[in-house]
Amino acid sequence: ENTITLMSQHAHYHHETQGNEMMMRAAATGSSVSSSSMPINFDFSRNVTLFRFQSNTGFEYFCVLLFTFTLAYVQEYIAFVRKKEEVVFGASVNASNSAYESLKDNNNTTNALPKDQHYSNARVLKHTAKYVAHASVSYILMLCVMSLNFGVFVSILLGLGVGSF
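Residues numbered from 1 in each chain as written. Predicted model: local features only at pLDDT ≥ 70, side-chain atom pairs only at ≥ 80, totals over all residues. Heavy atoms only, no water.

### Comments concerning the overall build of the protein
Regarding its fold elements, the protein presents 4 helices and 4 strands. Ordered by position from the N terminus, the helices and strands of the protein form the series β-α-β-β-β-α-α-α. Taking contacts inside the protein between residues at least 6 apart in sequence as the whole, the part at least 24 apart equals 69%. (Helix = DSSP H or I, 4+ residues; strand = E, 2+ residues; numbered from the N terminus. Contact = heavy atoms within 4.5 Å.)

Pasting the structure below:
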């Protein structure tokens, strides 16, 4: 079979023994303990199902790996753009705070802040859209990894690694 188990039999036995002891202690004290273990198996075959798409041939599997690699790369690119924007956005916040403080110190309430130092609705909407895109792609990548296909897992790691440069 094309799978590998990440939990050894010894660890499984030790966990079960420890779990039984914990349940006996819990029964004596009147509390409850849940004990369950599930081995994690990576699949090394080229048959993988992602979002109702199932790869049956080598070319389809390559397309799945290319898709996950690209998605991971895009996730890192979005993270880079968000970080770059936060630096600029943060500088703008500091500038507007210092401008506000100087206006407050002068007790001059008729002057307004310069237009470039205000948060515009478009800027906030862009920032929110980038955050939602980043979170969405991150969750989609998590679901891809949960397919437990080793090739998909490595493809995502490589995409994240290449995208971080």
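Still more to cover.
### A look at the packing of helix H3 (residues 121–145) against helix H4 (residues 150–163)
Two numbers describe how H3 lies on H4: the axes approach to 9 Å, and their chain directions differ by 150°. Packed against H3, whose contacting residues are Leu 141, Cys 144 and Val 145, the element H4 presents Val 152, Phe 153, Ile 156 and Leu 160 at the interface. In terms of residue class, the contact of H3 with H4 is built from 7 nonpolar, no polar and no charged. (Axes fitted to C-alpha atoms, helices over the stretch in contact; angles between N-to-C directions. Nonpolar A, V, L, I, M, F, W, Y, C, P; charged D, E, K, R; others polar.)

### As for the packing of aromatic side chains
When we look at a pair of aromatic rings, we describe it by the centre distance and by the angle of the planes. Here the structure, examined in full by the defined rule, presents 3 aromatic pairs. Residues Phe 42 and Phe 150 carry aromatic rings whose centres are separated by 5.8 Å and whose planes lie at 85° to one another, so their mutual orientation is edge-to-face. Of this pair, Phe 42 sits in strand S2 (residues 41–43) while Phe 150 is found in helix H4, placing the two residues 108 residues apart along the sequence. Ring geometry for Phe 44 and Phe 150: centres 4.8 Å apart, planes at 35°, overall tilted. Linking Phe 44 in the loop between S2 and strand S3 (49–50) with Phe 150 in helix H4, this pair joins segments that are 106 residues apart in sequence. (Phe/Tyr/Trp six-rings, centres within 6.5 Å; stacked < 30°, edge-to-face > 60°.)

### Observations regarding a nonpolar patch on the surface
A cluster of nonpolar side chains, namely Phe 51, Phe 67, Tyr 139, Ile 140, Met 142, Leu 143 and Met 146, defines an oily patch on the protein surface of about 710 Å² accessible area. At 4 residues, H3 tops the list of elements feeding residues into the nonpolar patch. With respect to the element layout, Tyr 139 can be found in helix H3. The exposure class assigned to Tyr 139 is exposed, which follows from its relative accessible area of 54%. (Patch = residues over 30% accessible without salt bridge, like charges linked within 9 Å, V, L, I, M, F, W, Y side chains within 5 Å. Areas by Shrake-Rupley, 256 points an atom, 1.4 Å probe, with all protein chains shown as cover. Salt bridge = Lys/Arg side-chain N within 4 Å of Asp/Glu carboxyl O. Buried < 20%, exposed > 50% of the residue type's maximum accessible area, 1.4 Å probe, protein only.)

### Let's talk about H4
With 14 residues, H4 should cover 20 Å at 1.5 Å per step; its first-to-last C-alpha distance of 20 Å lies within 8% of that length. Here H4 starts with a cap whose side-chain oxygen sits 3.0 Å from the backbone nitrogen of Gly 151, and that cap is Asn 149. (Expected span 1.5 Å × (residues − 1). Polar contact = N/O pair within 3.5 Å; in protein donor to acceptor, adjacent residues only side chain to side chain.)

### Describing unusual backbone geometry
Even without a glycine there, the phi angle at Arg 52 is positive, about 70°. The exposed category is assigned to Arg 52, whose relative accessible area is 85%. Positive phi, normally seen in glycine, also occurs at Leu 148, with a value near 60°. Tracing the sequence through the fold places Leu 148 in the loop between H3 and H4.

### So, H3
Here H3 is 25 residues long and its end C-alpha atoms lie 36 Å apart, about the 36 Å a rise of 1.5 Å per residue gives. Every buried residue of H3 is listed here: His 134, Val 137, Leu 141 and Cys 144.

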